[in-house]
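Chain residues, written in single-letter form:
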Amino acid sequence: MAGHGTGDLNLVGLSKSFAEFTAVHPMDLTIPQGSFFALLGPSGCGKTTTLRMVAGLEQPTSGQILIGDTDITNTRPHQRNVNTVFQSYALFPHMSVEDNVQFGLRRRGDKDAKRKAQEALELVELGHAGKKRPNQLSGGMQQRVALARALVNRPDVLLLDEPLGALDLKLRRQMQIELKRIQQEVGLTFIHVTHDQEEAMTMADSIAVMNAGRMEQLGDPATLYEHPASTFVANFLGQSNLLTARITGSAGDGLMTADVHGHDVLVQADKVPDGLVDVWLGVRPEKLALGPGSGRNQLRGTVTDASFTGVATQYLVRMPWGMDVMVVQQNDGSARARLGEDVTLAWDPGHEFVLDSAQAEDAGVERVVVDG
């Protein structure tokens, strides 16, 4: 097959401009063969345009797309060994599930199409449903059929374009686990486009966070969450409390002192970028504890909201300078704080991240989005 190659997927200086704007600025990215990779970002960030260039549905303005040593940049979509699963399942309603999965194989004259289709359906746990029509299946089952139809071709790269967006929350969570299991079982390269940070972090080995047509940060989920490179990443991946702070000196033992609105706190020295004085001191809500003695750094505030979520309680604590700090406490049986109560917020040095205060505080704050 033309454009067939095995190996890492390499995007080299890849960009896409339309008449009035640049959707994707020149980007270099290597996606290891056999990995589960996510392109994550808000609507309009360029992630879907990137996916469409890999699929051959959009012609790049510049750059190359390679699978291993094979350049597929100018190869027609049907000639590159890449398949896409869309949010809309695009199944043939008049065909059985089995015939839907076999369709591509039969068009190519594959005499083993029936066996391969059955194997693909078994993989997605729908081996029993081959004779049914798509409209006899639930949305989640139809999505599995669409996945089986893509997997049966054994593509070098499987592209997933917001594949779970049409499913309800509970089913989406189940499918996240299933997709990860299937990817590990077949060992193919999966590239998943999503605006849902929890979805990306649940499934992906590596994530590229995209913002305004550029790659903001690349890393594994834990690194992106614990060590965001920008306020955009800090806010887009979960919740962040960004405290205005000034680095004031060394405290020894690998620590530095910082002033937060007149209160001294300790910061791990290697978290502070060289030369920065005015910073955002970022602390995730679950890293904060309520009560004195819960950490070396302590600030006082007043509880203005408490939301019980089952496994945890989420608090908003108003600081003396007017900022609301979010705190998430596990429900471990200990007493919960009350509205209006004055409390101590505590955390240990090292549980923070430090960013340049020149970056916008609200960059990446999550918005309601449906596509990219």
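Since the model is a prediction, treat every value here as computed from it, not as a measurement.

K.L.:
Looking at this structure, how should I read helix α2 (residues 97-107)?
P.N.:
Spacing of three or four residues puts side chains on the same side of an α-helix, whose turn is 3.6 residues. The set of residues buried in α2 consists of Val97, Glu98, Asn100, Val101, Gln102 and Leu105. Next to the buried residues of α2 lie α3 (113-123) and α4 (139-151). Positive backbone phi, approximately 75 degrees, marks Gly109, located one or two places after α2.

K.L.:
Explain the sheet that holds strand β12 (residues 255-260) to me, please; I cannot follow it from the model alone.
P.N.:
Hydrogen bonds between backbone groups are what pair the strands of a sheet, and the pairing can be parallel or antiparallel. Pairing is antiparallel in the open sheet, where five strands are placed in the order β13-β12-β11-β14-β20. The sheet terminates laterally at β13 (263-268) and β20 (352-356), the two strands that pair on one side only. Neighbour-to-neighbour, the strand axes of the sheet open up by a mean angle of 45 degrees, direction not taken into account. Examined bridge by bridge, strand β14 (residues 278-283) and β20 share five bridges and lie antiparallel to one another. Pairing of Val279 across the sheet is with Asp356, part of β20.

K.L.:
So what exactly am I meant to see when it comes to the pattern of salt bridges here?
P.N.:
When charged atoms on two side chains of opposite charge get close, those side chains can pair. In this structure the tally under the stated criterion is 19 salt bridges. The residue Glu98 makes a salt bridge to Lys114 at a minimum N-O spacing of 3.2 Å. Note that Glu98 is positioned in helix α2 and Lys114 in helix α3, a separation of 16 residues in sequence. Look at Lys114 and you get partly exposed, because its relative accessible area is 45%. Close ionic contact of Glu119 with Arg115 constitutes a salt bridge, the shortest N to O distance being 2.5 Å. Of the two residues, Glu119 and Arg115 are both situated in helix α3; the distance of four residues between them amounts to about one turn of the helix. Bridged by salt links that share partners, the residues Glu125, Arg144, Glu178, Arg181 and Glu185 form one connected network.

K.L.:
Honestly, the pairing of strand β11 (residues 241-252) in this entry has me stumped. Any pointers?
P.N.:
Note on strand geometry: in a regular strand, side chains alternate between the two faces of the sheet. Two strands pair when backbone bridges link them, and β11 and β14 are joined in this way by six bridges, in the antiparallel orientation. The residue of β14 that forms the bridge with Arg246 is Asp278. Here five bridges tie β11 to β12, and the two strands are oriented antiparallel to one another. Within the sheet, the bridge partner assigned to Gly252 lies in β12 and is Leu255. Where β11 folds back onto β12 in an antiparallel hairpin, the turn is made up of two residues, including Asp253, whose phi is positive at roughly 55 degrees.

K.L.:
Could you clarify how one ought to interpret the packing of α2 against α3 in this entry?
P.N.:
Any two packed helices are characterised by the angle at which their axes cross and by the distance between the axes. Where α2 contacts α3, the axes come no closer than 9 Å and their chain directions differ by 125 degrees. What the angle tells us is that α2 and α3 run oblique. In this structure, the crossing between α2 and α3 has a hand that is right-handed. Residues Val97, Glu98, Val101, Gln102, Leu105 and Arg106 of α2 form the contact with α3, whose own contacting residues are Ala113, Lys114, Lys116, Ala117, Gln118, Ala120 and Leu121.

K.L.:
Is there a simple way to think about the side chain of Asn100 in this case?
P.N.:
Along the chain, the position of Asn100 falls in helix α2. In this structure Asn100 comes out as buried when scored by relative accessible area, which is 0%. Those residues in contact with Asn100, other than ones at most four positions away along the chain, are Leu91, Phe92, Met95, Pro134, Val145 and Arg149.

K.L.:
What's the story with the packing of aromatic side chains in this structure? I'm lost.
P.N.:
Aromatic ring pairs: the centre-centre distance and the angle between the two ring planes describe each pair. Tallying each qualifying case throughout the model produces four aromatic pairs. Plain terms: the ring middles of Phe18 and Phe21 are 5.6 Å apart, the flat faces sit at 25 degrees to each other, and that makes the pair stacked. The class for Phe18 is partly exposed, based on a relative accessible area of 30%. With a relative accessible area of 41%, Phe21 lands in the partly exposed category. A centroid spacing of 5.4 Å and a plane angle of 55 degrees characterise the contact between Phe36 and Phe190, whose relative ring orientation is tilted. Of the two residues, Phe36 is situated in strand β3 (residues 36-40) and Phe190 in strand β8 (residues 189-194); the sequence distance between them amounts to 154 residues. Each member of the pair, Phe36 as well as Phe190, is classed as buried. Positioned above the aromatic ring of Phe18, the side-chain terminus of Lys16 is 5.2 Å from the ring centre. When the ring centre of Tyr225 is taken as reference, the NZ or CZ atom of Arg284 above it lies at 3.9 Å.

K.L.:
Looking at this structure, I do not really get the confidence of the model for the protein. What am I missing?
P.N.:
Summing up the model confidence of the protein, the mean pLDDT is 91 and the portion of residues at 70 or higher is 97%. Per-residue pLDDT stays below 50 along residues 368-372; that stretch engages in 14 contacts with residues further than four places along the chain or on separate chains.

K.L.:
Is there a simple way to think about the sheet that holds strand β19 (residues 342-347) in this case?
P.N.:
As summarised here, the arrangement of the five strands in space is β15-β19-β16-β17-β18, forming an open sheet in which the pairing is antiparallel. Of all the strands in the sheet, just β15 (289-290) and β18 (324-330) have a single pairing partner and so form its edges.

K.L.:
Mind showing me how you'd approach the side chain of Gln217 here?
P.N.:
Position of Gln217 among the secondary structure elements: in strand β10 (residues 214-219). Residue class for Gln217 comes out buried when judged on its relative accessible area of 12%. Side-chain polar atoms of Gln217 contact the backbone oxygen of His227, separated by 3.1 Å. Excluding anything up to four places from it in sequence, Gln217 contacts Ile207, Ala208, Val209, Leu224, His227, Pro228, Ala229, Ser230 and Val233.

K.L.:
I would appreciate a short explanation of unusual backbone geometry in the present structure.
P.N.:
Glycine aside, a negative phi is what most residues show, and trans is what most peptide bonds show. With phi around 50 degrees, Arg154 is a residue other than glycine that occupies positive phi space. One can find Arg154 in the loop between α4 and β7 (157-161). Among the residues examined, Arg154 registers a relative accessible area of 48% and is labelled partly exposed. For His261, which is not glycine, the phi torsion reads 50 degrees and is therefore positive. On the secondary structure map, His261 appears in the loop between β12 and β13.

How each quantity is defined
- Residues numbered from 1 in each chain as written.
- Predicted model: local features only at pLDDT ≥ 70, side-chain atom pairs only at ≥ 80, totals over all residues.
- Heavy atoms only, no water.
- Buried < 20%, exposed > 50% of the residue type's maximum accessible area, 1.4 Å probe, protein only.
- Helix = DSSP H or I, 4+ residues; strand = E, 2+ residues; numbered from the N terminus.
- Contact = heavy atoms within 4.5 Å.
- Pairing = 2+ DSSP bridges.
- Axes fitted to C-alpha atoms, helices over the stretch in contact; angles between N-to-C directions.
- Salt bridge = Lys/Arg side-chain N within 4 Å of Asp/Glu carboxyl O.
- Parallel < 35°, antiparallel > 145°, perpendicular 65-115°, else oblique.
- Left-handed = near helix turned anticlockwise from the far one by under 90°.
- Phe/Tyr/Trp six-rings, centres within 6.5 Å; stacked < 30°, edge-to-face > 60°.
- Lys NZ or Arg CZ within 6 Å of the ring centre and 35° of its normal.
- pLDDT = per-residue confidence, 0-100.
- Polar contact = N/O pair within 3.5 Å; in protein donor to acceptor, adjacent residues only side chain to side chain.

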